[in-house]
Amino acid sequence: MFDRVFTKSGDDFKKLLKLLSVFIGLGFICYLFQYYRGLGITGMSRDVSWGLYIAQFTFLVGVAASAVMVVLPYYLHNFKAFGRITILGEFLAIAAVSMCLLFIIVDLGMPHRLFNVLRYPTPNSILFWDMVVLNGYLLLNILIGWNVLDAERMGVAPPKWVKPLIYVSIPWAVSIHTVTAFLYAGLPGRHFWLTAIMAARFLASAFSSGPALLILLALFIKKRTKFDPGEEAIQALAKIVTYALIISVFFVLLELFTAYYSQVPGHTNHFNYLLFGLHGHAELVPWTWLSNILAVVALALLINPNTRKQEKTLKIACFATFFSLWIEKGITLVITGFIPNTFETITRYIPTIPEVFITLGVWSAGFFILAVLYKIAVSIKEELGA
Amino acid sequence: MDEKRRNFLKITGACVLGVSLLPALKVSAAKKVTEEKGPTYKAHPKALHGKRWAMVVDVKRCQEQNKKGECRKCIEACHSLHNVPTIPNEKEIKWIWKDNFEHSFPGTAHEYVPEDFHEGPFILLCNHCSNPACVRVCPTKATFQRADGIVMMDHHRCIGCRYCMAGCPFGARSFNWRDPKLYLTQLNYDYPIRRRGVVEKCTFCDERLGEGLLPACVEACPAKALIFGDLDDPSSEVRRILSKRLSLRRKLEVGTQPNVYYLV
Ligand code: SF4
Ligand code: SF4
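Just so we're clear, the structure is a prediction, and the values are computed from it rather than from any experiment.

Chemist: Explain the overall build of chain B to me, and be specific about the residues and the numbers.
Modeler: The helix and strand tally for chain B stands at 11 helices and 10 strands. Every one of the 264 residues in chain B was classed for burial, and the buried ones make up 53%. Considering only contacts in chain B between residues 6 or more positions apart, those separated by 24 or more positions represent 63%. Working note: accessible area of chain B is about 12600 Å², and carbon and sulfur atoms make up 54% of it.

Chemist: Describe in detail the pattern of salt bridges, supporting the description with residues and values.
Modeler: Enumeration according to the criterion identifies 17 salt bridges over all chains in this entry. Taking the shortest distance from any N to any O, the salt bridge between Asp 12 of chain A and Arg 224 of chain A comes out at 2.4 Å. Placement of the pair is Asp 12 of chain A in helix α2 (residues 11-37) and Arg 224 of chain A in helix α9 (residues 198-224), with a sequence separation of 212 residues. For Asp 12 of chain A, a relative accessible area of 45% gives the class partly exposed. For the salt bridge of Arg 194 of chain B with Glu 200 of chain B, the shortest nitrogen-to-oxygen distance reads 2.8 Å. Here Arg 194 of chain B matches Glu 200 of chain B in class, with each residue buried. Residues joined in a network through salt bridges with shared partners are Arg 201, Glu 255, Glu 328 and Lys 329 of chain A.

Chemist: Quick rundown of the site of ligand 2? Include the residues and the values.
Modeler: The immediate surroundings of ligand 2 are formed by 14 residues, with Cys 138, Thr 143, Cys 158, Cys 161 and Cys 164 of chain B found nearest. Class assignment of the residues belonging to the shell around ligand 2 gives a composition of 10 nonpolar, three polar and one charged.

Chemist: How would you explain the packing of aromatic side chains if you had to name every residue and give the values?
Modeler: A full pass over the atoms with the stated rule returns 33 aromatic pairs over all chains. With a centroid separation of 5.5 Å and an interplanar angle of 65°, the aromatic rings of Phe 105 of chain B and Phe 122 of chain B are classed as edge-to-face. Within this pair, whereas Phe 105 of chain B is found in the loop between α5 (101-104) and α6 (115-119), its partner Phe 122 of chain B is found in strand β3 (residues 122-125), the two being separated by 17 residues in sequence. In terms of burial, Phe 105 of chain B and Phe 122 of chain B fall into one category: buried. Feature note: the residues Phe 59, Trp 287, Phe 319, Phe 322, Phe 323, Trp 326, Trp 363 and Phe 367 of chain A constitute an aromatic cluster, connected by ring pairs. For Lys 329 of chain A, the ring lying beneath its charged end belongs to Phe 202 of chain A, and the centroid distance is 4.9 Å.

Parameters at a glance
Residues numbered from 1 in each chain as written. Chains lettered and ligands numbered in written order. Predicted model: local features only at pLDDT ≥ 70, side-chain atom pairs only at ≥ 80, totals over all residues. Heavy atoms only, no water. Helix = DSSP H or I, 4+ residues; strand = E, 2+ residues; numbered from the N terminus. Buried < 20%, exposed > 50% of the residue type's maximum accessible area, 1.4 Å probe, protein only. Contact = heavy atoms within 4.5 Å. Areas by Shrake-Rupley, 256 points an atom, 1.4 Å probe, with all protein chains shown as cover. Salt bridge = Lys/Arg side-chain N within 4 Å of Asp/Glu carboxyl O. Near = heavy atom within 4 Å. Nonpolar A, V, L, I, M, F, W, Y, C, P; charged D, E, K, R; others polar. Phe/Tyr/Trp six-rings, centres within 6.5 Å; stacked < 30°, edge-to-face > 60°. Lys NZ or Arg CZ within 6 Å of the ring centre and 35° of its normal.

Structure (structure tokens):
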């Protein structure tokens, strides 16, 4: 089916791939630099030992997990309208998990020893389980997506063994984000992360940011190709985004209540740093407020049925949702866990230019994978006259 | 004989810690001591044995020494012995260092704490916790705990994920962000240099205990402010002193059960 990428693609698509390749190339050059000089070229430090890479990974696990939001209603509740876009969800998951794995690899001090995780399996480490569930999820989505699409192309039912895999993939999707939340939620002495609703927060934000991106992609495809994912599907997704975002914001408010009503310094310090700045350090304050404002805008547009139903305002709402949550997971959540540090002092973290380019490179690689997969899916759907 | 054994021990130790596992296998194969489980060697006759190694820091004594003039003897001894590079910024590497009361015991300090106590200094190092979070989170067992409680690092297995750094509530771990060789002026050829990309920390001088010596910092302290011993042994100096004087441990509330005690 890959031949379609070459035979069916127009000039714009080729341009897109070229542009992404340029960014991948730049990222790769920066990565080579990092490979030869060490992670010292990043802005990370003894005190803030995880930065942009791990934060992106954390956000993207959510995007990957969100595929379940189309798979579940379609296969478990027989919600027909999603039939046209499940493949888009599954392929988005493949691209997102690939990015996750790449982000983990670029973050390792000893990338060539990666397989030590398999050679010395350590069940007490959450990172071990994260690796297991992420790779399993990638495999599941490749198998399911590819076979279902191939069957569709041939006009036959997908092979029998795919069905059980689909059912497995539903709890599996939940597990990838839960386990990723456990990476943080189980650490002693990191008060910002040490909260039992971390996994719930992760899932809620994932189920709004992922489908928001899916809506944007579906609208883009609708505009640029002959394949229409369907108004009903998009509107159903929009409702999912709405409720998930409400729950996500609610969960954050719960955290704020616990922190500020209890006034336990270990809890309030980090939120103070995020919202108002601490000891004269306020690097993340603008980001936090931008995220908050975007969330409010998104909520206003999504809750109001009129704006939710209009494509134009829905688009804005989805952009706002996606960026609001990207800031929350992809910037503030991970970094703030380290600020203030274990000595209650503050070490700043500012990503360096190569670090940013490597990050962009991985994102571009993900979008490259996504573009290619979507091209295949869409060209088949177009052919079937859908 | 003794000399021979010492050399052998040194070589095996250096190999296990230093070069790679392969030479270690070769050496032991030559000595016909290879077993299925890997190389074995006889312990040094004078090796120190303990069940729960611990360190007691007599803050008063340390302070008095400091009043005579800034003292960094323990830090220098440890860092030069273990080839710990001196990197002058937030990418630093430290196995043992000094800080004040507030940073060492966050939340415990208040304005009425005696002035000189406030200043410390407090000697900080890995606590070799009885319930170490770093060991729990490490995905490769590169961080592991020995039967005698020492929390060890296998620099050849570490993948540099830095999860242990997020896990340790005491900031006891350092990552080699850069090539440490660039920041070393003097080398100790008896101890391996780490590469960039791995995490490292204090090991209670396991290599010295194996030869019957006390940790380098303990030996180097002019004020005898650092006391090392086996908590499991009721007759040990550490037990005696802990039963006589009031002591603090860092961040007890997080449950890792640190084994470094501060006499106040
Ligand atoms: S002090 Fe930190 S590094 Fe040392 S054993 Fe405890 S948790 Fe591990
Ligand atoms: S950085 Fe090394 S020692 Fe630390 S958790 Fe990762 S593999 Fe284990």
